[in-house]
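Structural overview for review
Now for the letters of each chain:
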Amino acid sequence: MRLIFCLLILAYGCENSDNEPDCSGVACTLEFRTIGVSVSDPSGVAIPLDVYEVREVSGGANVTPEYTPTELEGYRESNSYPILTDSRLGELRNKRVSLEFRGFANGTLVASRIFLAGADCCHVALFQGDPEIVIE
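Below you will find a few notes about this structure. (Residues numbered from 1 in each chain as written. Predicted model: local features only at pLDDT ≥ 70, side-chain atom pairs only at ≥ 80, totals over all residues. Heavy atoms only, no water.)

For the rest of this paragraph, the subject is the pattern of salt bridges. In the structure shown here, the tally under the stated rule is 6 salt bridges. For the salt bridge of Arg33 with Glu31, the shortest nitrogen-to-oxygen distance reads 3.1 Å. Among the salt bridges present, the one from Arg88 reaches Glu56, with a minimum N-O distance of 2.9 Å. In this pair, Arg88 is assigned in the loop between β3 (81-85) and α3 (89-92) and Glu56 in strand β2 (residues 51-56), connecting sequence segments 32 residues apart. (Salt bridge = Lys/Arg side-chain N within 4 Å of Asp/Glu carboxyl O. Helix = DSSP H or I, 4+ residues; strand = E, 2+ residues; numbered from the N terminus.)

Moving on, we come to the environment of Asn94. Considering the arrangement of structural elements, one finds Asn94 in the loop between α3 and β4 (95-105). According to the relative accessible area criterion, Asn94 is partly exposed, its value standing at 25%. Sequence spacing of Asn94 and Gly118 is 24 residues, and the spatial spacing of their C-alpha atoms is 7.1 Å. (Buried < 20%, exposed > 50% of the residue type's maximum accessible area, 1.4 Å probe, protein only.)

A few words now on the state of the cysteines. Each disulfide consists of a covalent bond between the sulfur atoms of two cysteine residues. This model, assessed by the stated rule, comprises 2 disulfides. A disulfide bridge connects Cys23 with Cys121, and the sulfur atoms are separated by 1.9 Å. As the torsion about the S-S bond is roughly -70°, the Cys23-Cys121 disulfide counts as left-handed. Of the two residues, Cys23 is situated in the loop between α1 (2-15) and β1 (34-40) and Cys121 in the loop between β5 (108-119) and β6 (124-128); the sequence distance between them amounts to 98 residues. For Cys23, a relative accessible area of 21% translates into the label partly exposed. The connectivity of the disulfides in the protein chain is 1-3, 2-4, where the numbers refer to bonded cysteines in sequence order. (Disulfide = S-S within 2.5 Å.)

This part is about the packing of aromatic side chains. Within the structure shown, the criterion is met by 6 aromatic pairs. Here the aromatic rings of Tyr52 and Tyr67 are separated by 5.1 Å at their centres, their planes lie at 5°, and the arrangement is stacked. Separated by 15 residues along the polypeptide, Tyr52 in strand β2 and Tyr67 in the loop between β2 and α2 (69-78) bring together distant segments of the chain. Accessibility expressed as a relative area gives 3% for Tyr52, which makes it buried. Relative accessible area serves as the criterion here: at 23%, Tyr67 is assigned to the partly exposed category. Ring geometry for Tyr67 versus Tyr75: centroids 5.9 Å apart, planes at 70°, classification edge-to-face. By relative accessible area, which is 15% here, Tyr75 ends up buried. (Phe/Tyr/Trp six-rings, centres within 6.5 Å; stacked < 30°, edge-to-face > 60°.)

Below is the structure:
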């Protein structure tokens, strides 16, 4: 009888050992979150980028959020380039990933920074890395 009891406890412990929070009872807001970075010179003047990309450090997969030329113009005007959005929430829920942002102006790499990002039960989040990139 003790053996059966021990096996039941062991089996239950193994089923719940994934260390991931249970998101089933979490009430999330309906907002759509985006993590963006800015690129400027030391005096705070925005440096407009011709193109930018976001790659996963591990494996190098290109995970740049899709954007149109019109959207890129808006990013230049607002000096905010999205690197991660809630559209990847399902993939990143309760995980963290290292992302490299690379920004180009006139065909030259002018900005590069690595971020640690991911998501909780509800939204993407930036865990490490300053989203304000200052180019000397």
